[in-house]
Amino acid sequence: DQQVKQNSPSLSVQEGRISILNCDYTNSMFDYFLWYKKYPAEGPTFLISISSIKDKNEDGRFTVFLNKSAKHLSLHIVPSQPGDSAVYFCAASAQAGGTSYGKLTFGQGTILTVHP
Amino acid sequence: NAGVTQTPKFRVLKTGQSMTLLCAQDMNHEYMYWYRQDPGMGLRLIHYSVGEGTTAKGEVPDGYNVSRLKKQNFLLGLESAAPSQTSVYFCASTEHKTNTEAFFGQGTRLTVV
(Lines give C-alpha, C1' and ligand atoms only; values in the text may rest on other atoms or scores of the structure.)
Protein backbone atom coordinates (compact mmCIF):
# COMPACT_ATOMS: atom_id res chain seq x y z
CA ASP A 1 0.00 0.00 0.00
CA GLN A 2 1.86 3.04 -1.32
CA GLN A 3 0.79 5.92 0.91
CA VAL A 4 2.91 8.46 -0.97
CA LYS A 5 2.99 8.26 -4.75
CA GLN A 6 4.99 10.02 -7.40
CA ASN A 7 3.36 8.85 -10.60
CA SER A 8 5.89 10.34 -13.00
CA PRO A 9 9.11 8.28 -13.01
CA SER A 10 10.89 10.93 -15.05
CA LEU A 11 10.62 14.51 -16.27
CA SER A 12 12.67 16.30 -18.90
CA VAL A 13 12.73 20.11 -19.21
CA GLN A 14 14.74 22.77 -20.95
CA GLU A 15 17.08 25.03 -19.02
CA GLY A 16 15.32 28.21 -17.93
CA ARG A 17 11.86 26.66 -18.02
CA ILE A 18 9.70 25.59 -15.10
CA SER A 19 9.93 22.07 -13.67
CA ILE A 20 6.83 20.78 -11.88
CA LEU A 21 7.09 17.59 -9.86
CA ASN A 22 3.96 16.07 -8.41
CA CYS A 23 3.18 13.93 -5.39
CA ASP A 24 -0.04 12.41 -4.05
CA TYR A 25 -0.72 10.91 -0.65
CA THR A 26 -3.51 8.84 0.84
CA ASN A 27 -2.95 8.99 4.60
CA SER A 28 -5.01 11.81 6.15
CA MET A 29 -2.75 11.77 9.22
CA PHE A 30 0.17 13.19 7.23
CA ASP A 31 0.67 16.83 8.21
CA TYR A 32 4.25 17.60 7.25
CA PHE A 33 5.72 17.18 3.81
CA LEU A 34 9.26 17.38 2.52
CA TRP A 35 11.12 17.23 -0.76
CA TYR A 36 14.54 15.64 -0.97
CA LYS A 37 17.00 15.78 -3.85
CA LYS A 38 19.37 12.93 -4.57
CA TYR A 39 22.40 12.80 -6.84
CA PRO A 40 23.88 9.44 -7.91
CA ALA A 41 26.06 7.77 -5.26
CA GLU A 42 25.02 10.32 -2.64
CA GLY A 43 22.44 10.39 0.12
CA PRO A 44 19.23 12.41 -0.19
CA THR A 45 19.56 16.05 0.83
CA PHE A 46 16.73 18.16 2.17
CA LEU A 47 15.31 20.71 -0.25
CA ILE A 48 12.13 22.26 1.11
CA SER A 49 9.24 21.42 3.39
CA ILE A 50 5.68 22.50 4.13
CA SER A 51 3.38 22.08 7.09
CA SER A 52 -0.29 21.27 6.56
CA ILE A 53 -1.27 24.63 8.05
CA LYS A 54 0.17 26.29 4.93
CA ASP A 55 -0.60 25.91 1.26
CA LYS A 56 2.62 27.35 -0.12
CA ASN A 57 6.25 27.66 0.88
CA GLU A 58 9.01 29.33 -1.11
CA ASP A 59 12.77 29.13 -0.93
CA GLY A 60 14.55 30.86 -3.78
CA ARG A 61 13.84 29.03 -7.03
CA PHE A 62 11.89 26.32 -5.22
CA THR A 63 8.23 26.51 -4.26
CA VAL A 64 6.10 23.76 -2.78
CA PHE A 65 2.32 23.87 -3.04
CA LEU A 66 -0.01 21.80 -0.87
CA ASN A 67 -3.63 21.02 -1.71
CA LYS A 68 -4.97 19.22 1.35
CA SER A 69 -8.42 18.54 -0.05
CA ALA A 70 -6.89 16.78 -3.04
CA LYS A 71 -4.08 15.24 -0.96
CA HIS A 72 -1.65 16.55 -3.52
CA LEU A 73 1.56 18.52 -3.40
CA SER A 74 3.85 19.82 -6.08
CA LEU A 75 7.37 21.20 -6.30
CA HIS A 76 8.03 24.02 -8.74
CA ILE A 77 11.55 24.90 -9.81
CA VAL A 78 11.87 28.20 -11.65
CA PRO A 79 14.06 28.67 -13.59
CA SER A 80 15.38 25.15 -13.99
CA GLN A 81 19.14 24.69 -14.24
CA PRO A 82 21.23 21.73 -15.46
CA GLY A 83 22.54 21.33 -11.90
CA ASP A 84 18.97 20.56 -10.80
CA SER A 85 19.17 17.24 -12.66
CA ALA A 86 18.69 14.62 -9.94
CA VAL A 87 16.12 12.29 -8.41
CA TYR A 88 13.50 14.11 -6.37
CA PHE A 89 11.71 12.33 -3.53
CA CYS A 90 8.53 13.48 -1.89
CA ALA A 91 8.19 12.45 1.76
CA ALA A 92 5.49 12.76 4.39
CA SER A 93 5.24 12.55 8.15
CA ALA A 94 2.43 12.54 10.74
CA GLN A 95 3.77 15.01 13.30
CA ALA A 96 0.63 15.69 15.34
CA GLY A 97 0.28 13.44 18.36
CA GLY A 98 4.00 13.27 18.89
CA THR A 99 4.38 9.62 17.96
CA SER A 100 5.82 9.88 14.48
CA TYR A 101 9.35 10.29 15.86
CA GLY A 102 10.39 11.87 12.60
CA LYS A 103 9.62 8.77 10.56
CA LEU A 104 9.20 9.53 6.87
CA THR A 105 7.14 7.81 4.19
CA PHE A 106 8.69 8.33 0.78
CA GLY A 107 7.38 8.34 -2.75
CA GLN A 108 9.12 6.38 -5.49
CA GLY A 109 11.05 9.36 -6.79
CA THR A 110 11.06 11.32 -10.06
CA ILE A 111 14.18 11.63 -12.19
CA LEU A 112 14.49 15.23 -13.37
CA THR A 113 16.70 15.99 -16.34
CA VAL A 114 17.32 19.63 -17.25
CA HIS A 115 18.78 20.06 -20.72
CA PRO A 116 21.09 23.00 -21.49
CA ASN B 1 31.37 18.88 10.10
CA ALA B 2 30.97 15.30 8.83
CA GLY B 3 27.21 15.01 9.48
CA VAL B 4 26.12 11.39 8.97
CA THR B 5 28.78 8.87 7.98
CA GLN B 6 28.11 5.31 6.86
CA THR B 7 30.61 2.44 6.78
CA PRO B 8 31.22 0.63 4.45
CA LYS B 9 30.20 2.27 1.17
CA PHE B 10 30.08 -0.98 -0.79
CA ARG B 11 29.91 -4.64 0.15
CA VAL B 12 29.30 -7.96 -1.58
CA LEU B 13 28.07 -10.81 0.60
CA LYS B 14 27.35 -14.44 -0.07
CA THR B 15 23.96 -15.79 0.90
CA GLY B 16 23.97 -16.74 4.55
CA GLN B 17 26.84 -14.48 5.57
CA SER B 18 26.42 -11.84 8.23
CA MET B 19 27.55 -8.24 8.40
CA THR B 20 27.05 -5.00 10.29
CA LEU B 21 26.57 -1.57 8.78
CA LEU B 22 27.74 1.33 10.92
CA CYS B 23 26.19 4.77 11.03
CA ALA B 24 27.77 7.63 12.95
CA GLN B 25 26.45 11.17 13.38
CA ASP B 26 28.20 14.12 14.96
CA MET B 27 25.20 16.47 15.29
CA ASN B 28 24.05 15.20 18.70
CA HIS B 29 20.73 14.12 17.17
CA GLU B 30 18.37 12.05 19.27
CA TYR B 31 16.60 10.17 16.47
CA MET B 32 18.29 7.85 14.00
CA TYR B 33 16.91 5.70 11.19
CA TRP B 34 17.82 3.01 8.71
CA TYR B 35 16.13 3.04 5.28
CA ARG B 36 16.57 0.88 2.23
CA GLN B 37 16.13 2.09 -1.32
CA ASP B 38 15.03 -0.26 -4.06
CA PRO B 39 14.18 0.56 -7.70
CA GLY B 40 10.63 1.85 -8.05
CA MET B 41 10.04 1.68 -4.29
CA GLY B 42 11.47 4.87 -2.89
CA LEU B 43 13.02 4.65 0.58
CA ARG B 44 11.45 2.34 3.16
CA LEU B 45 12.08 2.47 6.88
CA ILE B 46 13.72 -0.64 8.36
CA HIS B 47 14.30 0.30 12.02
CA TYR B 48 14.64 3.49 13.99
CA SER B 49 15.79 4.75 17.38
CA VAL B 50 14.47 7.62 19.49
CA GLY B 51 17.45 7.70 21.79
CA GLU B 52 20.45 5.85 23.18
CA GLY B 53 19.50 2.31 24.16
CA THR B 54 16.18 2.33 22.29
CA THR B 55 15.17 0.76 18.99
CA ALA B 56 11.87 0.14 17.18
CA LYS B 57 10.65 -1.59 14.05
CA GLY B 58 9.84 0.30 10.90
CA GLU B 59 8.01 -0.76 7.75
CA VAL B 60 10.33 -3.58 6.61
CA PRO B 61 12.22 -4.92 9.69
CA ASP B 62 12.38 -8.65 8.89
CA GLY B 63 15.89 -10.04 8.52
CA TYR B 64 17.54 -7.08 10.24
CA ASN B 65 18.57 -6.19 13.77
CA VAL B 66 19.78 -2.88 15.15
CA SER B 67 21.52 -1.49 18.20
CA ARG B 68 22.03 2.02 19.60
CA LEU B 69 24.56 1.59 22.40
CA LYS B 70 25.92 5.11 21.96
CA LYS B 71 23.92 8.18 21.01
CA GLN B 72 26.09 8.93 18.00
CA ASN B 73 26.07 5.41 16.53
CA PHE B 74 23.31 3.26 15.03
CA LEU B 75 24.24 -0.23 13.82
CA LEU B 76 22.28 -2.32 11.33
CA GLY B 77 22.95 -6.06 11.33
CA LEU B 78 22.15 -8.77 8.84
CA GLU B 79 22.45 -12.15 10.57
CA SER B 80 21.98 -14.33 7.48
CA ALA B 81 22.00 -12.33 4.27
CA ALA B 82 19.55 -13.14 1.48
CA PRO B 83 19.50 -11.97 -2.15
CA SER B 84 16.31 -10.01 -1.33
CA GLN B 85 18.44 -7.80 0.91
CA THR B 86 20.41 -6.53 -2.07
CA SER B 87 19.73 -2.82 -1.84
CA VAL B 88 21.15 0.60 -1.07
CA TYR B 89 20.97 1.35 2.64
CA PHE B 90 20.73 4.86 4.02
CA CYS B 91 21.13 6.00 7.57
CA ALA B 92 19.55 9.27 8.71
CA SER B 93 19.29 11.35 11.86
CA THR B 94 17.13 14.19 13.10
CA GLU B 95 16.74 16.41 16.13
CA HIS B 96 14.30 15.65 18.90
CA LYS B 97 11.59 18.06 17.82
CA THR B 98 8.88 18.35 15.20
CA ASN B 99 9.17 19.81 11.74
CA THR B 100 12.87 19.24 11.31
CA GLU B 101 14.41 17.61 8.31
CA ALA B 102 16.40 14.39 8.46
CA PHE B 103 20.05 14.33 7.43
CA PHE B 104 21.16 11.33 5.41
CA GLY B 105 24.43 9.49 5.02
CA GLN B 106 25.92 8.75 1.61
CA GLY B 107 24.56 5.22 1.48
CA THR B 108 25.88 1.65 1.50
CA ARG B 109 25.40 -0.42 -1.63
CA LEU B 110 25.01 -4.05 -0.59
CA THR B 111 24.87 -6.96 -3.02
CA VAL B 112 24.01 -10.46 -1.80
CA VAL B 113 24.92 -13.22 -4.25
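Preceding block: the structure.
Thoughts on the overall build of chain B
Counting its secondary structure elements, chain B contains zero helices and eleven strands. Each helix and strand of chain B, placed in order from N terminus to C terminus, yields the pattern β-β-β-β-β-β-β-β-β-β-β. Here the C-alpha radius of gyration of chain B, 13 Å, is about what a compact globule of 113 residues would show, namely 13 Å. Overall, the C-alpha framework of chain B stretches about 40 × 30 × 25 Å when taken along its three principal axes. Across the 113 residues in chain B, those meeting the buried criterion constitute 49%. Within chain B, counting contacts between residues at least 6 apart in sequence, those at least 24 apart form 54% of the total. When the 11 basic and 9 acidic side-chain charges of chain B are each reduced to a single mean position, those positions are 7 Å apart.

Some details on the interface of chain B and chain A
On the chain A side, the residues contacting the 20 residues of chain B number 20 residues. Both sides of the chain B and chain A interface together cover about 1,600 Å² of buried area, and 62% of this is carbon and sulfur. Counting across the interface, chain B meets chain A through zero salt bridges. Summed over the shared surface of chain B and chain A, the result is four residue pairs in polar contact (both at pLDDT 80 or more). Residue assignment for the side of chain B that touches chain A shows that the elements contributing at least two residues are strand E4 (31-38) and strand E5 (42-49) of chain B. Grouping the amino acids of the side of chain B that touches chain A by side-chain chemistry returns eleven nonpolar, eight polar and one charged.

A word on the state of the cysteines
Summed over all chains, the structure comprises two disulfides over all chains. Between the sulfur of Cys-23 of chain A and that of Cys-90 of chain A lies a disulfide, 2.1 Å long from S to S. Sign of the S-S torsion, about -70° for the bond between Cys-23 of chain A and Cys-90 of chain A, identifies this disulfide as left-handed. With Cys-23 of chain A in strand E3 (residues 19-25) and Cys-90 of chain A in strand E9 (residues 86-93), this pair connects stretches of sequence that are 67 residues apart. Here Cys-23 of chain A matches Cys-90 of chain A in class, with each residue buried. Two residues share a disulfide in this structure: Cys-23 of chain B and Cys-91 of chain B, whose sulfurs sit 1.9 Å from each other. As the torsion about the S-S bond is roughly -75°, the Cys-23 of chain B-Cys-91 of chain B disulfide counts as left-handed. A residue pair is termed long-range when its members are at least 10 positions apart, and Cys-23 of chain B in strand E3 (residues 19-25) and Cys-91 of chain B in strand E9 (residues 87-94) qualify at 68 residues. With respect to class, Cys-23 of chain B is no different from Cys-91 of chain B; both count as buried.

Here is what the cut-offs are and how they apply
- Residues numbered from 1 in each chain as written.
- Chains lettered and ligands numbered in written order.
- Predicted model: local features only at pLDDT ≥ 70, side-chain atom pairs only at ≥ 80, totals over all residues.
- Heavy atoms only, no water.
- Helix = DSSP H or I, 4+ residues; strand = E, 2+ residues; numbered from the N terminus.
- Rg over C-alpha atoms; globule rule 2.2 N^0.38 Å.
- Buried < 20%, exposed > 50% of the residue type's maximum accessible area, 1.4 Å probe, protein only.
- Contact = heavy atoms within 4.5 Å.
- Lys, Arg positive; Asp, Glu negative; His and termini not counted.
- Charge placed at Lys NZ, Arg CZ, Asp CG, Glu CD.
- Buried area = accessible area lost by both parts, 1.4 Å probe.
- Salt bridge = Lys/Arg side-chain N within 4 Å of Asp/Glu carboxyl O.
- Polar contact = N/O pair within 3.5 Å; in protein donor to acceptor, adjacent residues only side chain to side chain.
- Nonpolar A, V, L, I, M, F, W, Y, C, P; charged D, E, K, R; others polar.
- Disulfide = S-S within 2.5 Å.

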